[in-house]
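Understanding the architecture of this molecule
Below are the chains, spelled out letter by letter.
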Amino acid sequence: MILSKTEIQVRAHKLGAIDKLFLPYEQIKRACFKLDLFCDVVDGGKTSQIAIIKGMSGVGKSELIGHFLAGRFKSERKRKSVLYVEVPANCTPRAIAGAALRAIGDPLWKNGTSHDKSERLIGFIRDLKFRLVIFDEVHRFIDEERERVLHASIDWFINLINGISIPVFVLGLPAFAEIFLGTDQLARRTLAKCTLYPFGFDTVPERERFQCMLLFLADGMPFSNATSIASEDFARQIHVATLGLVGFVATLLRAAGMAALLRGDEMLETADFWHAFEELRDEKKRELGAIVNPFSGVGHV
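Here's a quick rundown of the structure.

Cut-offs used in this document
Residues numbered from 1 in each chain as written. Predicted model: local features only at pLDDT ≥ 70, side-chain atom pairs only at ≥ 80, totals over all residues. Heavy atoms only, no water. Helix = DSSP H or I, 4+ residues; strand = E, 2+ residues; numbered from the N terminus. Areas by Shrake-Rupley, 256 points an atom, 1.4 Å probe, with all protein chains shown as cover. Lys, Arg positive; Asp, Glu negative; His and termini not counted. Charge placed at Lys NZ, Arg CZ, Asp CG, Glu CD. Axes fitted to C-alpha atoms, helices over the stretch in contact; angles between N-to-C directions. Parallel < 35°, antiparallel > 145°, perpendicular 65-115°, else oblique. Left-handed = near helix turned anticlockwise from the far one by under 90°. Contact = heavy atoms within 4.5 Å. Nonpolar A, V, L, I, M, F, W, Y, C, P; charged D, E, K, R; others polar. Buried < 20%, exposed > 50% of the residue type's maximum accessible area, 1.4 Å probe, protein only. Polar contact = N/O pair within 3.5 Å; in protein donor to acceptor, adjacent residues only side chain to side chain. Expected span 1.5 Å × (residues − 1). Salt bridge = Lys/Arg side-chain N within 4 Å of Asp/Glu carboxyl O.

Counting its regular elements, the chain contains 14 helices and seven strands. Summing over all exposed atoms, the chain offers an accessible surface of approximately 15,200 Å²; the carbon and sulfur share of this is 53%. Counting 39 positive and 37 negative side-chain charges, the chain places the averaged centre of each group 7 Å from the other.

And the structure:
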């Protein structure tokens, strides 16, 4: 069946929402419980404590934080007590302090030395009564090109947590955890560690969990044969293509759906996934560059 332009637009809106779909699978639930306990222990204490959340790109760290915040900081008022900071690529103390001040809403976030900015930041965190600080992309404390730790940034972070007394989450790729735990001051302040892993496919329970996740996402896809992606054979191909990383799965499904809509088709074809994987591999060369495209054949999924 060839779709009309209006039908394509309606289905495109539904497909675009696939990134918002999230199934809180078991390891996410366990990690949320641990983070809840961590915050309960640290709340009201005299010193900041750190929770490390690490995992590969696409493994679901952002989804974990979203699920955690939705449970613990439900109201808009409570959400405003959480400071989220993405560590900038130019990871100097001044740049990090500026990013944090900008996240707070300081109109003068560009102004001042790193020391001035840090003092303002600590003052804002105290005065505005923040209850949680989240630093994302903390692996940027490592200069990958020169393979060295940015010690000035580490020292800045230590000074920050010494000046506040609330829980601090740090998120990033696995390598950064070694840096944190290899620094005495940070190791002593690290009370919780959460490592997220990709979906497996080797055992029957692993395959069933992955297929369950695909079925959940398929419900959000506007195609009559979407649930076919959860068949064992096709699920295996998707697992090969995405390494079992939920973020990569969502990107692959969205791109395959786009390919089908561009054809005006109400059904997904294997070729849609072939093209989608080519795009994904080009975007994620570091993780997927060595993988041969697992999607072959013609016809509908």
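The next subject is the packing of helix H10 (residues 204–218) against helix H12 (residues 246–263). Two numbers describe how H10 lies on H12: the axes approach to 12 Å, and their chain directions differ by 40 degrees. The angle between the axes of H10 and H12 places the two elements in the oblique class. When you trace H10 past H12, the crossing you get is right-handed. Within the contact between the two elements, H10 uses Phe210, Met213, Leu214 and Leu217 and H12 uses Val246, Val249 and Leu253. Residues of the contact of H10 with H12, tallied by class, amount to seven nonpolar, no polar and no charged.

With that settled, the discussion passes to the side chain of Thr190. Position of Thr190 among the secondary structure elements: in strand E7 (residues 190–195). Since its relative accessible area comes to 12%, Thr190 is described here as buried. Engagement of the side chain of Thr190 in a polar contact is seen with the backbone oxygen of Leu186, the distance being 2.7 Å. Setting aside anything within four residues of it in sequence, one finds Thr190 in contact with Gln49, Ile50, Ile52 and Leu181.

Time to look at the packing of helix H11 (residues 232–242) against H12. At a minimum axis distance of 9 Å, the contact between H11 and H12 shows a crossing angle of 115 degrees. Taken together, the axis directions place H11 and H12 in an arrangement best described as roughly perpendicular. Note that H11 runs across H12; the crossing there is right-handed. Contacts between H11 and H12 involve Ile238, Ala241 and Thr242 on the former and, on the latter, Phe248, Val249, Leu252 and Leu253. Grouping the amino acids of the contact of H11 with H12 by side-chain chemistry returns six nonpolar, one polar and no charged.

Within the secondary structure layout, Gly45 lies in the loop between helix H2 (26–42) and strand E1 (50–54). Assessed through its relative accessible area of 30%, Gly45 is described here as partly exposed. Sequence spacing of Gly45 and Ile166 is 121 residues, and the spatial spacing of their C-alpha atoms is 7.5 Å.

Across its 12 residues, helix H5 (residues 93–104) extends 17 Å between first and last C-alpha, which sits within 8% of the 16 Å expected from 1.5 Å per residue. Along H5, the positions that sit buried rather than exposed are Pro93, Ile96, Ala97, Gly98, Ala100 and Leu101. Tucked into the core, H5 has its buried residues touching strand E2 (82–86), helix H6 (114–127), strand E3 (132–136) and helix H7 (151–163). Of the residues flanking the end of H5, it is Gly105, one or two places downstream, whose phi is positive at about 110 degrees.

All chains considered together, the criterion is met by 15 salt bridges. The salt bridge partner of Arg207 is Glu232, with a shortest N-O separation of 3.5 Å. Here Glu232 lies in helix H11 and Arg207 lies in helix H10, a separation of 25 residues in the sequence. A relative accessible area of 17% places Arg207 in the buried class. In this structure, Arg236 and Asp233 form a salt bridge, with 3.6 Å as the shortest nitrogen-oxygen distance. Residue Arg236 and its partner Asp233 are both found in helix H11; the two are separated by three residues, about one turn of the helix. Of the residues examined, Arg236 reaches a relative accessible area of 34% and is grouped as partly exposed. Overlapping salt bridges bring together Asp36, Asp40, Asp43, Arg72 and Arg131 as one network.

One non-glycine residue, Glu137, adopts positive backbone phi at about 60 degrees. Along the polypeptide, Glu137 turns up in the loop between E3 and strand E4 (142–143).

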